[in-house]
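# An overview of the molecular structure
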Amino acid sequence: MIGIGPEIKICHLYPDLMNLYGDRGNVIALKRRAEWYGLRPVVDEVSLEAKPDFRLYDVIFIGGGQDREQQLICLDFQKVKGSSLAEAVEDGVVLLAICGGYQLLGRYYQTGDGEQLPGIGVVDVWTVAGKKRLIGNVVIETDVIEGPGPRTVVGFENHSGKTYLGGGLRPFGRVINGYGNNGEDGGEGVLYRNTLGTYLHGSLLPKNPDVTDFLLRRALVRRHGVAELRPLDDTVERRAHEAAIRRARSKAH
Ligand code: GLN
């Protein structure tokens, strides 16, 4: 369907620097599903130096990256974008941040060399690199998505950073297969206001349509007060989801 509904403004942050394991597929999924719902998605790519007013966006996305990219972004956050991005988070803009992007929303990321990269601190989490990389297919169960009962979410993780949540923050979900935030407390990701931080690459959204819809709904409610999305035929997406669950279970850690 060609969009006749409201415009939905999507910001793809650092597409040239933060794009591991198909992270850009999340932006494609957001755009496609928005179109299928009759909305009019517009995607801006925003990289180093640019300083938009992030509150004007409906959805912001930042993918994962290694320490080298994170160093560049840490500086750009400090000098250019940090305060506007933090204001947008507090204002309820929907933000999806994966892995290295997730880590930089927190207080700091301490690399394996012991260097501390300050994050923007808008979400009360912190990350310390461990000796072992946490790699593999992940299945989590989440109850943050509206609807009957908990939902599974599938993805792929590869990080050495171990992230810890401050008091009062809820993880995105509980790990069924994989490591999640730190491999210790069973939590994966974080949901703070409309900001979802997670370690799940994959891409995450194409095979987790419930998560895509959750983000679109939150964005529409923030802007328009309501979000009525008519059901789509998700047969293919659900098949991909089930296949990812089977794969994760067959190689359980
Ligand atoms: N450098 C970070 C870590 O290993 C982030 C990696 C990533 O984004 N996949 O923890």
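Going by the structure above, here's the rest.
Conventions and cut-offs
Residues numbered from 1 in each chain as written. Predicted model: local features only at pLDDT ≥ 70, side-chain atom pairs only at ≥ 80, totals over all residues. Heavy atoms only, no water. Pairing = 2+ DSSP bridges. Helix = DSSP H or I, 4+ residues; strand = E, 2+ residues; numbered from the N terminus. Axes fitted to C-alpha atoms, helices over the stretch in contact; angles between N-to-C directions. Contact = heavy atoms within 4.5 Å. Buried < 20%, exposed > 50% of the residue type's maximum accessible area, 1.4 Å probe, protein only. Lys, Arg positive; Asp, Glu negative; His and termini not counted. Salt bridge = Lys/Arg side-chain N within 4 Å of Asp/Glu carboxyl O. Polar contact = N/O pair within 3.5 Å; in protein donor to acceptor, adjacent residues only side chain to side chain. Near = heavy atom within 4 Å. Areas by Shrake-Rupley, 256 points an atom, 1.4 Å probe, with all protein chains shown as cover.

### So, the sheet that holds strand β12 (residues 195-198)
- Taken in spatial order, the six strands make up an open sheet running β2-β1-β3-β4-β12-β11, and their pairing is mixed. The sheet is open, and its two borders are formed by β2 (40-46) and β11 (190-192), each paired with just one other strand. Strand after strand, the sheet turns through a mean of 15 degrees between neighbouring axes, direction not considered.
- Summarising the sheet, strand β3 (residues 59-62) and strand β4 (residues 94-98) pair through four bridges and their orientation is parallel. Each residue of the ladder has a partner; that of Ile 60, found in β4, is Leu 95.
- Contacts from helix α4 (residues 209-224) reach β1 (7-13), β3, β4, β11 and β12 within the one sheet, and its direction differs from that of β4 by about 145 degrees.

### Some words on the side chain of Glu 157
- Here Glu 157 shows up in strand β8 (residues 151-165).
- One buried charged residue, Glu 157, forms no salt bridge at all, with the nearest opposite charge on Lys 132 at 9.5 Å.
- A polar atom in the side chain of Glu 157 sits 3.0 Å from the side chain of His 159.
- Here the side chain of Glu 157 touches Gly 180 through a polar contact of 3.0 Å, landing on its backbone nitrogen.
- In this structure Glu 157 touches Leu 134, Ile 135, Gly 136, Val 138, Gly 178, Tyr 179, Gly 180 and Tyr 199, once residues within four positions along its chain are discounted.

### Focus on the site of the ligand
- Neighbouring residues of the ligand: 16 residues in total, closest Asp 67, Cys 99, Gly 100, Gln 103 and Gly 161.
- In this structure, Asp 67 approaches the ligand through a side-chain N or O atom, which is 3.0 Å from a nitrogen atom.
- Between the ligand and His 201, the relevant distance is 3.1 Å, taken from a nitrogen atom to a side-chain nitrogen or oxygen of the residue.
- Taken by itself the ligand offers 300 Å² of open surface, and the protein chains cover 100% of this.

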